[in-house]
Protein chains: 2
Amino acid sequence: MSDDRDPGTRRRGFLTGVAGVVGALGAASAASAKENISPVAVATAGKDILPFHGLHQNGIATPMQGHAYFATFDLVTEKRADIVSLMKVWTTAAARLTTGETAQPLDAGLKPAVAPPAGGRYDASYLTPAAGKAGGEGGETLGQPPTGLGDTQGPNAVAADSGESLGQSPAKLTITFGFGAGLFVKDGKDRYGLAARRPAALVDLPKFVGDQLVEGSTGGDLLVQACADDPQVVFHAVRQLARLAEGVAQIRWAQTGFVPGFGNGETPRNLMGFKDGTNNPAITDPKAMDEFVWVGTEGPDWMRGGTYAVTRRIRIALERWDQMKVAFQEETVGRHKYSGAPIGKDKEFDAFDFDAKDKDGNPLTAENSHVRLAAPATNDGAQILRRGYSYNDGVNLTAERWPPWRQGLEYDAGLFFVCYQRDPRTGFIKVFERMAKFDMMNQFVTHVGSGLFACPPGAAADRYIGQALFETA
Amino acid sequence: MSDDRDPGTRRRGFLTGVAGVVGALGAASAASAKENISPVAVATAGKDILPFHGLHQNGIATPMQGHAYFATFDLVTEKRADIVSLMKVWTTAAARLTTGETAQPLDAGLKPAVAPPAGGRYDASYLTPAAGKAGGEGGETLGQPPTGLGDTQGPNAVAADSGESLGQSPAKLTITFGFGAGLFVKDGKDRYGLAARRPAALVDLPKFVGDQLVEGSTGGDLLVQACADDPQVVFHAVRQLARLAEGVAQIRWAQTGFVPGFGNGETPRNLMGFKDGTNNPAITDPKAMDEFVWVGTEGPDWMRGGTYAVTRRIRIALERWDQMKVAFQEETVGRHKYSGAPIGKDKEFDAFDFDAKDKDGNPLTAENSHVRLAAPATNDGAQILRRGYSYNDGVNLTAERWPPWRQGLEYDAGLFFVCYQRDPRTGFIKVFERMAKFDMMNQFVTHVGSGLFACPPGAAADRYIGQALFETA
């Protein structure tokens, strides 16, 4: 980030350039040569590097990588300037990380978004044996306490990067940022003077039928999504961004996710054993992306070319699902399990025929099946871009208090559902309100976490993510 | 598993064959042609398939795969015969899974180790709207309840496999089984008539200084370790084994793990940013494996060619570690962070010189550094084979009650430490008792889970894991 350029001029140039061509292709396709923006999805020389800068943030209309780490942050500062500093530092760090570099240059010492308090980031007395508690029962055997912890630069500094990804490929790392409602208004308070710029589409999600939301998996003022083909790379990325945010924002919740490694272009199976994502709009089709994913002229200027992300942590009662006949599973989903084909069809990509009846005159695809309720055909054409990851957080034990009083294993596993859309009111909310009431699959899934985030457009190489929000005149 | 052969004869032949050559190379290298055993680590035709059958169980002296899923089980049966059935079913399923097949043939219906109760595995009334509770708030919209849930075979059966890995490569899947002390004695009770066969080496681990063990991450009567290069493959494997165990054993705890994808032969970095595993005994050296890993004539017959696994869930206070100077981190570990070289040396594989002093006459490698305390040279030559995986289970919030009263993020992440050894009394226990007291790293790590398991030798294609334990005359 170079601060010696005039961000206002560049911002205006960018927005004008975009606004001038939102027509046939929408805001998304307005590649402004003047801004030196590379379109996303055009890989750079290294095949494991995906570009960070572009008209849109990457990690959205991007083929899914194998691993994801999501984290949301609560803002703990009272100053808007701190958030601006954070978004500058985060943008620079994210751009570096996606090329396989460290978050900041290793030899310069850690430079967080906000300077640490005088006297050092840590009180060195914390580590002396006299303090007595730091090492738990082993505390009495502490080694020499570190000296010079107050240094913030030079060889005695805290390292600018925790280092666990040194020497690794970036493995197609993408980092995507989003803003929750709390950045604009929290507890009725306009904390940062941004309330007037809250997009109408950034609503408070309604309480859906069946929601059993856990506070520790819900909400957050800022969203960071890291996706790559390696679990250590995504952990490393979020960890560095969390360190750089100290004093400004603090992780609220975090969630790992994965999709299996299938062959080229094959639809991955979710933990229910069904192919998941068959009916997604094509990320290779810019028109579909402009129609359903990218915000156009209807949004505030600072959101054009951005999108809205909905996250839902969906626990799946796999221990119960696994006891069901395949025929019942297929009736629930509305597809055949092994082929992925619609009920009564042969191939995965065969079209649905929701009017087809069996010999008794009953619908071949159950009225309350998952795919019928989710299909654009039954939702006035509404479409969302799903990009969810399976999660596996181990097991809990359960003891049910209803017949047959089942006791035993309960997987803490399921789907970390993520979808992107141009407007959640005509996207996720429209589609899911009916599904929450009627979907047969509700017998097996529970939504325990939730979030809605405005993901601003991508940034040119000399700008930072969200700049147009914070610096609008 | 074919039950029409005489297991006694075959077992005796196997053990005799082994006992006859335990000498220069130990039990491990006694390849008995008569038993048709393929040595492990000789890959089969498909390069993503590692052999399941062999003298030793695979997943031990095996190059680390990228992902692991560990689960331990509590035995809930009172019958030894049920455990024998389980080990037969598990062995057959594990052998199938490692070749990329389903756990059982898909078209035959699920055949668990113990037959489900008459009337079906599930009371169908559970799913009728009248039951009223099954779907939570969405329960009023349940679809048609499934019929015929009592079927255990045929097209209306519950599927023999949950199906999420259909079409996937086995991704070098290995499945490794172990027996905890609870199989032999639990709460002072000889539940299965096996108490007399408990190996002396299968001790109760002592309470180490600093242990903060959580019951939900500790112990277990049976251990299943699944490792592969894909997270869905390992989840799928453990899930199928858990289904087949219904009525016999129930998951006690489960833990995912990963190592980063580094280039050929490079030592992976752990979450502290240091290379981890440099000083391991070489898995390519059968003599080293026989000396330090595989049980020889000193063990009971049924353990010869097996090994003992210690698991420790080690939380690392990364949020604190990241605030330390690199120089202090290096002093703590006893290696340079970026090169991995011993302190004062240049290259990762340079030998330690623990006698070297700096210009003031102080030891170059701190007396309480991690590597000095762990090194064979300071432990009478003791060596263990480490095969641990990093884990990332998200974050918790903490509020410390000592100066400087730090509040904030605490990673629920660290190392799921796993090591194998011929005898834990001269392996992990010997090495770790001193480290638990003196290791400088104790300021940053907390052991919150623990386990010790006897991993029996591998099985020939017509035998099951642990057969010699259960069927010894």
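Since this is a predicted model, take the numbers as computed values, not measurements.

## Let's talk about the overall build of chain A
Summing up its helical and strand segments, chain A has nine helices and nine strands in all. Here chain A holds 473 residues, and the buried ones make up 59% of them. Contacts spanning at least 24 positions in sequence make up 77% of the contacts within chain A whose residues lie at least 6 apart.

## A closer look at the environment of Asn280(A)
Residues and elements named next belong to chain A. On the secondary structure map, Asn280 appears in the loop between β4 (249-258) and α4 (286-292). Note: C-alpha distance between Asn280 and Ala461 (181 residues apart in sequence) is 31 Å. What Asn280 contacts, discounting residues up to four positions off in sequence, is Ile384, Leu385 and Arg386.

## Focus on the pairing of strand β3 (residues 222-228) of chain B
Residue and element names in this part refer to chain B. Burial within β3 is extensive, with seven of its seven residues counted as buried. Residues of β3 alternate between two faces, with Leu222, Val224, Ala226 and Ala228 on one and Leu223, Gln225 and Cys227 on the opposite face, all of them buried. Pairing geometry for strand β1 (residues 67-75) and β3, over seven bridges, is antiparallel. Paired with His67 across the two strands is Ala228, which belongs to β3. Looking at chain direction, strand β2 (residues 174-179) and β3 are connected through six bridges and run antiparallel. Residue pairing in the sheet places Thr176 in a bridge with Gln225 of β3.

## Some points on the UniProt feature "domain: Dyp-type peroxidase C-terminal" (unreviewed entry) in chain A
Residues annotated in UniProt with the feature "domain: Dyp-type peroxidase C-terminal" (unreviewed entry) correspond here to residues 267-459 of chain A. The distance separating the terminal C-alpha atoms of residues 267-459 of chain A is 31 Å; by composition the span is 18% helix and 25% strand.

## Re the nonpolar core
Core analysis: the largest hydrophobic core is formed by 193 residues, its most contacted members being Trp90(A) and Trp90(B). Excluding residues that lie within four positions of it along the chain, Trp90(B) makes contacts with Phe73(B), Phe177(B), Leu222(B), Val224(B), Leu241(B), Leu244(B) and Ala245(B).

## Quick look at the pattern of salt bridges
This model, assessed by the stated rule, comprises 46 salt bridges over all chains. Close ionic contact of Arg315(A) with Glu410(A) constitutes a salt bridge, the shortest N to O distance being 3.7 Å. Of this pair, Arg315(A) sits in strand β5 (residues 307-316) while Glu410(A) sits in strand β8 (residues 407-421), and the two are 95 residues apart along the sequence. For Arg315(A), a relative accessible area of 15% gives the class buried. A salt bridge links Arg313(B) to Asp393(B), with the shortest nitrogen-to-oxygen separation between them at 2.8 Å. Here the residue Arg313(B) occupies a position in strand β5 (residues 307-316), and Asp393(B) occupies one in strand β7 (residues 389-399), the gap between them amounting to 80 residues. By relative accessible area, which is 27% here, Asp393(B) ends up partly exposed.

## Things to note about unusual backbone geometry
Residues and elements named next belong to chain A. Within the chain, Lys172 stands out as a residue other than glycine whose phi angle is a positive 65°. You can see Lys172 is positioned in the loop between α2 (80-98) and β2 (174-179). Among the residues examined, Lys172 registers a relative accessible area of 33% and is labelled partly exposed.

## Describing the UniProt feature "domain: Dyp-type peroxidase N-terminal" (unreviewed entry) in chain A
Mapped onto this numbering, the UniProt entry gives "domain: Dyp-type peroxidase N-terminal" (unreviewed entry) at residues 57-111 and 153-258 of chain A. Secondary structure across residues 57-111 of chain A divides into 35% helix and 16% strand, with the first and last C-alpha atoms of the span separated by 25 Å.

## Points about the packing of aromatic side chains
Think of a pair of aromatic rings as described by two things: how far the centres are apart, and how the planes are tilted against each other in angle. All names here are of chain B. Per the counting criterion, the structure on display carries 36 aromatic pairs over all chains. Note on Trp321 and Phe444: the rings are 5.0 Å apart at their centroids and 75° apart in plane angle, and the pair reads as edge-to-face. Here Phe444 lies in the loop between α8 (428-438) and β9 (445-455) and Trp321 lies in helix α5 (residues 318-321), a separation of 123 residues in the sequence. Residue Phe444 is classed as buried on the basis of its relative accessible area, which comes to 2%.

## Points about the side chain of Asp230(B)
On the secondary structure map, Asp230(B) appears in the loop between β3 and α3 (231-244). With no salt bridge to any partner, buried Asp230(B) finds its closest opposite charge in Arg269(A), at an N-O distance of 12 Å. Only 3.2 Å separates the side chain of Asp230(B) from the side chain of Gln168(B), close enough to count as a polar contact. Within the structure, Asp230(B) has its side chain in polar contact with the backbone nitrogen of Gln232(B) (distance 2.8 Å).

## Some remarks on the environment of Met435(A)
Residue and element names in this part refer to chain A. As for its placement among the helices and strands, Met435 is situated in helix α8 (residues 428-438). For the pair Met435 and Met272, spaced 163 residues apart in sequence, the C-alpha separation works out to 18 Å. The residues touching Met435, leaving out its near neighbours within four places in the chain, are His370, Leu373, Ala374 and Asn442.

## Remarks on the side chain of Thr72(A)
Position of Thr72(A) relative to the elements: it lies in strand β1 (residues 67-75). Given a relative accessible area of 0%, Thr72(A) falls into the buried group.

## Thoughts on the packing of helix α2 (residues 80-98) of chain B against α3(B)
All names here are of chain B. Where α2 meets α3, the axes come as close as 10 Å, and the angle between the chain directions of the two elements is 155°. Accordingly, the angle class assigned to the pair α2 and α3 is roughly antiparallel. Handedness of the crossing formed by α2 with α3: right-handed. Facing Leu86, Val89, Trp90, Ala93 and Leu97 of α2, the residues of α3 in contact are His236, Ala237, Gln240, Leu241 and Leu244. A per-class count over the contact of α2 with α3 returns eight nonpolar, two polar and no charged.

## Notes on the state of the cysteines
Residues and elements named next belong to chain B. Counted by the stated rule, this structure contains zero disulfides over all chains. No disulfide involves Cys419; its sulfur sits 11 Å from the nearest other cysteine sulfur, which is in Cys455. For Cys455, a relative accessible area of 1% gives the class buried.

## Things to note about the environment of Glu331(A)
One can find Glu331(A) in helix α6 (residues 326-333). Separated by 144 residues in the primary sequence, Glu331(A) and Asp187(A) place their C-alpha atoms 44 Å from one another.

## Overview of α6(A)
All names here are of chain A. Taking burial as the measure, the eight residues of α6 include six buried ones, the bulk of the element. Along α6, the residues that are buried comprise Val326, Phe328, Gln329, Glu330, Thr332 and Val333. Count one or two residues on from α6 and you reach Gly334, which has phi positive near 95°.

## What about α8(A)?
Each α-helix turn comprises 3.6 residues. Residues three or four places apart therefore point the same way. Residues and elements named next belong to chain A. Among the residues of α8, Phe428, Ile429, Val431, Phe432, Met435 and Ala436 are the ones counted as buried. Angularly, the buried residues of α8 cover 160° about the axis, an arc narrow enough to put them on a single face. Close packing links the buried residues of α8 with β5, α7 (370-374), β8 and β9 (445-455).

## Considerations on the confidence of the model for chain A
Residues and elements named next belong to chain A. Looking at chain A as a whole, its pLDDT mean stands at 84, while 81% of the residues score no less than 70. When the criterion is pLDDT under 50, residues 1-45 qualifies, and its contacts beyond four places in sequence or with other chains add up to 73 contacts. In the predicted structure, residues 119-155 sits below a pLDDT of 50 and forms 71 contacts with residues beyond four places in sequence or in another chain. Model confidence for the complex is summarised by a pTM of 0.85, with the ipTM given as 0.85.

Reading the values: the criteria
Each chain has its residues counted from 1, following the order in which its sequence is written. Chain labels run from A onward and ligand labels from 1 onward, assigned in the order the entries are written. Under the rules for a predicted model, residues below a pLDDT of 70 receive no local features and side-chain atom pairs below 80 are neither given nor counted, while totals for whole chains, interfaces and linings still include all residues. Only hydrogens and water are removed before side-chain values are computed, so all heavy atoms of the structure are retained for them. Only DSSP runs of H or I reaching four residues or more are called helices, and only runs of E reaching two or more are called strands; each is numbered from the N terminus. Relative accessible area decides the class of each residue, using a 1.4 Å probe on protein chains only: under 20% of the type maximum gives buried, over 50% gives exposed, and in between gives partly exposed. In what follows, a contact means two residues having at least one pair of non-hydrogen atoms within 4.5 Å. One requirement defines pairing of two strands: DSSP has to find at least two bridges between them. UniProt positions are given in the numbering used here, feature names are shortened, and annotations may be inferred rather than shown by experiment. Put simply, buried Ala, Val, Leu, Ile, Met, Phe, Trp, Tyr and Cys residues joined by side-chain atoms within 4.5 Å make one nonpolar core. The rule for a salt bridge is simple: a side-chain nitrogen of Lys or Arg has to be within 4 Å of a carboxyl oxygen of Asp or Glu. Within 6.5 Å between ring centres, the rings of Phe, Tyr and Trp (the latter by its six-membered ring) count as paired, and their orientation is classed by plane angle as stacked under 30 degrees, edge-to-face over 60, tilted in between. The charge count includes Lys and Arg as positive and Asp and Glu as negative, but it does not include His or the ends of the chains. We call two N or O atoms a polar contact when they sit within 3.5 Å, provided that within protein one can donate a hydrogen and the other can accept it, with sequence-adjacent residues counted only if both atoms are side-chain atoms. Geometry is summarised by axes, namely lines fitted to C-alpha atoms with helices restricted to the contacting stretch, and by angles between N-to-C directions that run from 0 to 180 degrees. Put simply, angles under 35 degrees are roughly parallel, angles over 145 are roughly antiparallel, angles from 65 to 115 are roughly perpendicular, and the rest are oblique. Crossings are sorted by hand: turned counterclockwise from the far helix by less than a right angle, the near helix makes the crossing left-handed, and turned clockwise it makes it right-handed. As a working rule, the residues Ala, Val, Leu, Ile, Met, Phe, Trp, Tyr, Cys and Pro are called nonpolar, Asp, Glu, Lys and Arg charged, and the rest polar, with Gly in that last group. Disulfides are defined in this document as cysteine sulfur pairs within 2.5 Å. Within this analysis, the arc is defined by the directions that extend from the helix axis to the C-beta atoms. pLDDT gives the predictor's per-residue confidence on a scale running from 0 to 100.

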